[in-house]
Amino acid sequence: MRLANRAWLLAAALVSQPGLAQEVRILVQSSPLAGFRYHAAAEVWQELRVGDALELHREPDNQHDANAVSVSWRGHKLGYLPRRENAAAAWGLDRGQRLSARISRLAQHPNPARRIEVEVYAE
């Protein structure tokens, strides 16, 4: 059974149980953060923690990517969802879908593109 089908079955099962439906979140994507070295991620690196909430902001007028979704932490722009993986999140945000994001992994990796991993959820 495909993962998406399992997620919808799980959501349907939880909705049938009063009080549990509010806890359903569907993982939309898990991706490394793009643009770490061009934004404030390095400046706030020591303050970041796995599990921290992130804000997603749609940038439809971005000249480099029509589906651009920037990622911020406490008002500091950290970077972007990767271009190759941002279409679903951009589509959802454009249609008013409530998406949440969090830091799922932090690593002192020599490649800046592998230092922060982000998970995006549909609520």
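What you see is a predicted model, and the numbers here were worked out from it, not measured in a lab.

Quick notes on the pattern of salt bridges
Point 1. Applying the stated rule across the entire model yields 5 salt bridges.
Point 2. With a shortest N-O distance of 3.1 Å, glutamate 59 and lysine 77 are connected by a salt bridge. Of the two residues, glutamate 59 is situated in the loop between β2 (53-58) and β3 (69-73) and lysine 77 in strand β4 (residues 76-80); the sequence distance between them amounts to 18 residues.
Point 3. When its relative accessible area of 28% is taken as the criterion, lysine 77 is described as partly exposed.

Things to note about unusual backbone geometry
Point 1. With phi around 50°, arginine 74 is a residue other than glycine that occupies positive phi space.
Point 2. As for its placement among the helices and strands, arginine 74 is situated in the loop between β3 and β4.

Concerning the nonpolar core
Point 1. Ranked by size, the top nonpolar core spans 22 residues in total, and within it Leu48, Leu54, Leu78, Ile116 and Val118 carry the most contacts.
Point 2. Ranked by residue count, the leading element in this core is strand β6 (residues 116-122), at 4 residues.

Describing the pairing of β6
Point 1. A large share of β6 lies buried, amounting to 6 of its 7 residues.
Point 2. Relative to β6, strand β1 (residues 26-32) runs antiparallel, the two sharing 6 bridges. Looking at the pairing, isoleucine 26 lines up with alanine 122 of β6.
Point 3. Of the strand pairs in this sheet, strand β5 (residues 99-106) and β6 are connected by 7 bridges, and their pairing is antiparallel. Considered in β6, the bridge of arginine 102 is made with glutamate 119.

Rules used throughout
- Residues numbered from 1 in each chain as written.
- Predicted model: local features only at pLDDT ≥ 70, side-chain atom pairs only at ≥ 80, totals over all residues.
- Heavy atoms only, no water.
- Salt bridge = Lys/Arg side-chain N within 4 Å of Asp/Glu carboxyl O.
- Helix = DSSP H or I, 4+ residues; strand = E, 2+ residues; numbered from the N terminus.
- Buried < 20%, exposed > 50% of the residue type's maximum accessible area, 1.4 Å probe, protein only.
- Core = buried A, V, L, I, M, F, W, Y, C linked by side-chain atoms within 4.5 Å.
- Pairing = 2+ DSSP bridges.

In short, geometric facts, not functional conclusions.
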